[in-house]
Amino acid sequence: MSTATAVRRYRDEAVPDHVLERCLRAASWAPSGGNGQPWRFVVLDSPELRALVTTAAQRTWEVMKDFYRLPDITDGAADPKSRTLRTMAEHMRIGGGAPALVLFCVQPQRGTTELQQGGSIFPAVQNFLLAARAQGLGAAITLWQDACSAELREAVGIPDGWKIATLLTVGWPRGHHHQVRRKPLAEVAAQDRWDRPWTPSELGSSVSSAPSPQS
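Residues numbered from 1 in each chain as written. Predicted model: local features only at pLDDT ≥ 70, side-chain atom pairs only at ≥ 80, totals over all residues. Heavy atoms only, no water.

S.K.: Looking at this structure, I do not really get the confidence of the model for the protein. What am I missing?
M.R.: The predicted coordinates should not be examined in detail at positions where pLDDT is low. Counting all residues, the mean pLDDT for the protein is 91, and 92% of those residues have values of 70 or more. Contacts for the low-pLDDT stretch residues 206-215, under 50 throughout, to residues beyond four places or in other chains number zero contacts. (pLDDT = per-residue confidence, 0-100. Contact = heavy atoms within 4.5 Å.)

Here it is, written out as structure tokens:
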């Protein structure tokens with residue numbers, strides 16, 4: 001988990017079906033509301049679908065550049081922001097040319113809010129991401145499907161009433177996995193009150209770090 005960063009640059013190497021199957025199976029083990037498992041994972045392989053995703057990705061990049069007023073990318077710049085922007089630009093330029101693409105769809109359950117619906121699909125996404133990382137793969141969550149939603153729904157045959165949650169790009173990293181960068185726990189975890197950082201007791205720390213008798 002601590003090295004499952006978003007990976008957007010991939011080697012030109014296919015992801016074998018048996019490797020992808022482990023990720024899909026892990027996704028299917030995720031919890032969902034009432035164990036309804038209201039999901040569908042669609043692997044996008046056809047050239048037509050990949051071309052559709054590529055166009056959407058490139059369109060998304062142009063919108064992002066305008067909305068966030070992103071600076072022009074200088075190839076030789078080595079600062080972290082420039083490297084990140086170059087990686088993002090390459091990711092969206094290649095788009096559907098990533099080694100593997102997986103669409104995650106969810107069927108809303110009656111009486112649930114959109115946030116609650118997410119609780120029945122994004123645990124499956126996370127399971128997929130962790131299974132990918134465990135096998136040495138890299139992956140990234142995208143929202144490119146928003147730029148081609150109608151065409152994608154028709155081409156894939158997604159039934160009315162189902163929603164597209166996200167699209168993942170997957171492949172063997174061009175480079176190494178890195179440690180995630182996150183805020184200190186004291187800034188994101190609280191106890192009883194919003195402004196009271198959670199701090200473990202010494203007894204709690206020693207108990208939680210001790211191995212269980214069965215391990």
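S.K.: Teacher, can you tell me more about the nonpolar core here?
M.R.: Proteins that are soluble and globular tend to have nonpolar side chains buried together. Counting residues in each nonpolar core, the largest one holds 27 residues, and the members touching the most others are Leu44, Leu103, Leu152 and Leu167. Among the elements of the structure, α2 (47-67), α3 (80-94), β2 (100-106) and β4 (163-171) are those that each provide at least two residues to this core. For Leu103, the contacting residues outside a window of four places in its chain are Arg40, Phe41, Val42, Gln145, Leu152, Ile158, Ile164, Thr166 and Leu167. With 26 residues, the next largest nonpolar core counts Val15, Phe41, Val106 and Ala131 among its residues. (Core = buried A, V, L, I, M, F, W, Y, C linked by side-chain atoms within 4.5 Å. Buried < 20%, exposed > 50% of the residue type's maximum accessible area, 1.4 Å probe, protein only. Helix = DSSP H or I, 4+ residues; strand = E, 2+ residues; numbered from the N terminus.)

S.K.: I tried to follow the packing of helix α1 (residues 17-28) against helix α5 (residues 122-134) on my own but got confused; where do I start?
M.R.: To describe two helices that pack against each other, one gives the angle between their axes and the distance between the axes. Orientation of α1 relative to α5, taken along the N-to-C sense of each, is 145 degrees, at an axis distance of 7 Å. As α1 packs across α5, the resulting crossing turns out to be right-handed. For the pair α1 and α5, contact is made by Leu20, Arg22, Cys23, Leu24, Ala26 and Ala27 and by Ala124, Asn127, Phe128, Ala131 and Ala132, respectively. Its residues assigned to classes, the contact of α1 with α5 comprises nine nonpolar, one polar and one charged. (Axes fitted to C-alpha atoms, helices over the stretch in contact; angles between N-to-C directions. Left-handed = near helix turned anticlockwise from the far one by under 90°. Nonpolar A, V, L, I, M, F, W, Y, C, P; charged D, E, K, R; others polar.)

S.K.: Please explain the environment of Gln179 as it appears in this structure.
M.R.: With respect to the helices, strands and loops of the structure, Gln179 is situated in the loop between β4 and α7 (185-188). In this structure Gln179 comes out as exposed when scored by relative accessible area, which is 52%. Sequence separation of Gln179 and Ala78 is 101 residues, and the distance between their C-alpha atoms is 19 Å. Once you skip the residues sitting within four places of it in the chain, Gln179 turns out to touch Ser2, Thr3 and Thr5.

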